[in-house]
Structures are given as structure tokens and as C-alpha cells.
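# Observations on chain architecture
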Amino acid sequence: MTRDPELRRSPGSRHALPPRVPTLGNTVRRIRDERGYTRDYAAAMLRISRSYLTDIERGRRNPSPELLELIIAGYRLDSALARHVRELGVAALDLEPTAVLARSVTANDLLIAHLRDLNARGDLAAYIDPIWNVLACNDLFREATPGLERTGSVPVWMFSDNTKPILTDRPFELDYTTASIRAMTGRYRHTEQVRVVFRHLGPNIEFRKSWSDHVRAAYGRDPSALMHTIHPVTGLPVAYSLTISNQSESVLLLILSPKPSPGSTTNREADG
């Protein structure tokens, strides 16, 4: 009988456990479990011993790059999940504290002027770090995200009660946020910012269920997959096209551009 309680649980009951920061071992085990492969079957397919696969899944051994590619192919991972697994297979990146990054943004007159220009154009905009902590934002962004200033974390805010009256298609948005959290934590899994996200979201039942229901990663969003909301001030429906672009390795620009809403026929598939 295995001593790992998570391995004894069915996928449907796993949301009772606190979500864990991804590692290569727990991620490939989750994927194998989701595919319905037994450990014996997967080991035979990969042409390794069962004990070797067990050691990988429990973090006791790291697979070679060649074996990692066999796992990616054998488990039929899509491009986003394959990227996530590869990032987990190499050393994690460091990230400066959010306060330090915020000061670097607010002290840059050109960056702040760009926020004002976007505001004048009618776009909601914020500079964020790779874990989606807000470093600086314009007035339109602040107005449309009530409660976000309490933590400054977009992922934590998305799962808060503040978004319930705002997000028209909240289940989709939470699913996309979960996939994005998985992707961003691959590269920065040892940082304080990641630990804070999991500390805040760990008790959240919606996040636990979303995190455990399936393993998916998202590194971007199709601009045609509009975010449908009810504006918290005007009470009117608004649809936004969401884009994120790198300003540097540690600073990203998030822009929400208002778009005519085509209603429920909008393609809402996130770009994996």
C-alpha cells in the first residue's frame, strides 16, 4: 500500500488537498494519473524500470533531457504543457521582490507616461511582474478592478468574491487563470511571489477544485477570446481583448482593450 495519500485519492476528490507548487515529479505524476496510465504501463512505454519512474515522480531523481522528451511524447502533451514540463526540468529563475520591481517602474517616467497614454486611449493597463502582481496601473484599470489593491495579485483577486458580480463567464476565466498560474510558476517556482500566491489561494475551494480537476498550462491568450464583464461603476456589459507583452525579463505590460461584444458566440478558448 502506497504511503503517498495523494496517490490513493481519485482525481475527483483531490481538491480536498491543499494545492502544491508544481515540481517536475508531482506534475508528471499528475499527468500520468490524468491520462489513466498505471505506473507499470508508463514505465514499460518509456522503457525504464517502475522504480525509476517512482523516483522521478517523488522527486528523488531527475530524468535526463532525452527521457524528459520521451515523457512529453509518450504522455501526448500539448505545446504549452510540454513547455511547462521542460521549465520544471531546469533550474528555477530568481525574481526580485515585487516592491523593488514596483519602484523601478514608478521611477521610470516613460513607463508611467505610457500608462497615461493608454488611459487616454480608453485602455485599461497595468505593469505586472511574471507572477501577475501589479507594479503600477492607470486609472481605468484601477476603476475596473475593485478590491485588487488589497493584495495587488491578479490571480488572488480573480478567485476572490470581488469578481463574482463582474466576470460574466467566471468559470472560464478562473480556468484560464489556473492554467496561467501553472505556467508562470514553472519558471519561478522557488520565489516568494509564488509562495504568496499559493498561501493566499490554498484555502480557496474554487482554486483547489480548478487546480486539481486537470493539468493545463497557458502562456498566452488569443486576443479574440474576449473577457466579458459587467463594469463595476457603470453596471454596463463590457468585453475586453487581453494582451500581455514583455517590457523586460521581470516586467510585463497587461492591456485590456474594450471591444464590441459579440455575445455568447465568442470563441473563448485560451491559447495554450
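What counts as what
Residues numbered from 1 in each chain as written. Predicted model: local features only at pLDDT ≥ 70, side-chain atom pairs only at ≥ 80, totals over all residues. Heavy atoms only, no water. Helix = DSSP H or I, 4+ residues; strand = E, 2+ residues; numbered from the N terminus. Contact = heavy atoms within 4.5 Å. Polar contact = N/O pair within 3.5 Å; in protein donor to acceptor, adjacent residues only side chain to side chain.

### Here we look at the side chain of His-84
Along the chain, the position of His-84 falls in helix 6 (residues 79-88). In this structure, His-84 is in contact with Pro-22, Thr-27, Arg-182, Ala-183, Gly-186, Ala-217 and Tyr-219, ignoring residues within four places of it in sequence.

### Description of the side chain of Thr-27
Residue position: Thr-27 is located in helix 2 (residues 24-35). Beyond its immediate chain neighbours, meaning those up to four positions away, Thr-27 contacts Pro-22, His-84, Val-85 and Leu-88.

### Description of the environment of Asn-138
Considering the arrangement of structural elements, one finds Asn-138 in the loop between strand 2 (134-137) and helix 9 (139-144). When near neighbours in sequence (up to four residues on either side) are disregarded, Asn-138 contacts Leu-115, Leu-118, Asn-119, Asp-123, Leu-124 and Ala-125. A distance of 3.3 Å separates the side chain of Asn-138 from the backbone oxygen of Leu-115, its partner in a polar contact. For Asn-138, the side chain forms a polar contact with the main-chain nitrogen of Phe-141, separated by 3.0 Å.

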